[in-house]
Amino acid sequence: MDIRKPNDSELKKVMLLSPQAVFDGTLGEVKPTNEKIKHLVEPLLEKGSYYLIATEIDKLMGWILIGSSKDQFTDKMSGFIYELFVIEEFRGNGISKRLMRTAIDHLRQDGYSEVRLSAFVENQAIKLYEKMGFNIRTVTMSLPL
């Protein structure tokens, strides 16, 4: 398996599949349009965020979107994982873990001393994040009205 930055055609494929990634990551709560994904991701890419993709024999298996984020209280910049997704047929093979490790290495090389991410509370990926040493830092709560 190869983990690297995508070329232009691979980036287009990631963008086309991103609505499913958001749908899965939000546990079916949100299924954005491709246009919405474009409006969310393009500003991140313009500010230096980038994708890393996992491929094998030119077959896209998954990706991670990484960049930076500013702490709202301290203004400290940290590395941020915006999206992690493995295409369903490739799940259960350790691809998420490899993408995470590679992303963390890239963020460390980019000069960050901390990496953050957000996840829906029932998301199965939280187990992976905890195994990798992530700790709960903030909790967002909601009250349906």
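This write-up is about the structure you can find in this document. Here the structure is a predicted model, which is why all the values come from computation and not from measurement.

**Things to note about the packing of aromatic side chains**
Taken as a whole and assessed by the stated rule, the structure comprises three aromatic pairs. The ring of tyrosine 50 carries lysine 5 above its face, with NZ or CZ at 4.1 Å from the centroid.

**Quick word on a nonpolar patch on the surface**
Taken together, the side chains of Ile136, Val139 and Met141 present a nonpolar region at the surface, about 410 Å² in accessible area. Residue placement: valine 139 occurs in the segment after helix H4 (125-131).

**Some points on helix H1 (residues 8-25)**
Under the 1.5 Å per step criterion, the end-to-end length of H1 is 24 Å for 18 residues, consistent within 8% with the ideal 26 Å. At leucine 17, H1 shows its largest kink, close to 45°, and the proline proline 19 lies no more than four residues downstream. Along H1, the positions that sit buried rather than exposed are Glu10, Val14, Met15, Ser18, Pro19, Ala21 and Val22. For H1, the secondary structure elements touched by its buried residues are strand S1 (2-4), helix H2 (34-46), strand S2 (50-56), strand S3 (59-70) and strand S4 (77-86).

**Some points on H2**
If you check H2, its first and last C-alpha atoms are 18 Å apart, about what 13 residues at 1.5 Å a residue would give, namely 18 Å. Taken as a whole, H2 has its buried residues at Ile37, Val41 and Leu44. Taken together, the buried residues of H2 touch H1, S2, S3 and S4. Just past H2, the residue glycine 48 takes up positive phi, approximately 105°.

**Considering the side chain of asparagine 123**
Tracing the sequence through the fold places asparagine 123 in the loop between strand S5 (115-117) and H4. A distance of 2.8 Å separates a polar side-chain atom of asparagine 123 from the backbone nitrogen of alanine 125.

**Points about the layout of surface pockets**
The computed volume of the largest pocket comes to approximately 1,300 Å³. Together, 34 residues line the largest pocket, and Leu117, Ser118, Ala119, Arg137 and Thr138 are the ones closest to its centre. Those elements giving two or more residues to the lining of the largest pocket turn out to be S3, S4, helix H3 (95-109), S5 and H4. Its residues placed into classes, the lining of the largest pocket shows 17 nonpolar, ten polar and seven charged.

**Quick look at the side chain of threonine 55**
Structurally, threonine 55 is set in strand S2. Taking relative accessible area as the criterion, threonine 55 reaches 5% and is therefore assigned buried. Once residues within four sequence positions are removed from consideration, threonine 55 is found in contact with Met1, Asp2, Arg4, Glu10, Leu60 and Met61.

**Here we look at the pattern of salt bridges**
All chains considered together, the criterion is met by eight salt bridges. With a shortest N-O distance of 3.5 Å, lysine 76 and glutamate 114 are connected by a salt bridge. With lysine 76 in the loop between S3 and S4 and glutamate 114 in the loop between H3 and S5, this pair connects stretches of sequence that are 38 residues apart. Given a relative accessible area of 39%, lysine 76 falls into the partly exposed group. Taking the relative accessible area as the measure of exposure, glutamate 114 reaches 23% and is therefore partly exposed. Here the salt bridges do not stand alone but share partners, grouping Asp71, Lys76, Glu114, Arg116 and Arg137 into one network.

**Some remarks on the sheet that holds S3**
Across the sheet, five strands lie side by side as S1-S2-S3-S4-S5; this open sheet has mixed pairing. Across the chains shown, the open sheet's two edge strands, defined by having one partner strand only, are S1 and S5. Across the sheet, the mean angle separating the axes of adjacent strands is 25° when strand polarity is ignored. Pairing geometry for S3 and S4, over nine bridges, is antiparallel. Of the residues in S4, the one forming a bridge with glycine 62 is valine 86.

Quick notes on the rules
- Residues numbered from 1 in each chain as written.
- Predicted model: local features only at pLDDT ≥ 70, side-chain atom pairs only at ≥ 80, totals over all residues.
- Heavy atoms only, no water.
- Phe/Tyr/Trp six-rings, centres within 6.5 Å; stacked < 30°, edge-to-face > 60°.
- Lys NZ or Arg CZ within 6 Å of the ring centre and 35° of its normal.
- Patch = residues over 30% accessible without salt bridge, like charges linked within 9 Å, V, L, I, M, F, W, Y side chains within 5 Å.
- Areas by Shrake-Rupley, 256 points an atom, 1.4 Å probe, with all protein chains shown as cover.
- Salt bridge = Lys/Arg side-chain N within 4 Å of Asp/Glu carboxyl O.
- Helix = DSSP H or I, 4+ residues; strand = E, 2+ residues; numbered from the N terminus.
- Expected span 1.5 Å × (residues − 1).
- Bend = angle between axes of the 7 residues up to and from the residue.
- Buried < 20%, exposed > 50% of the residue type's maximum accessible area, 1.4 Å probe, protein only.
- Contact = heavy atoms within 4.5 Å.
- Polar contact = N/O pair within 3.5 Å; in protein donor to acceptor, adjacent residues only side chain to side chain.
- 1 Å grid on protein atoms, 1.4 Å probe; cavity = no way out; pocket = protein on both sides within 12 Å on 5 of 7 lines; lining within 4 Å.
- Points joined across faces, edges and corners; volume = space filled by probe spheres on them.
- Nonpolar A, V, L, I, M, F, W, Y, C, P; charged D, E, K, R; others polar.
- Pairing = 2+ DSSP bridges.
- Axes fitted to C-alpha atoms, helices over the stretch in contact; angles between N-to-C directions.

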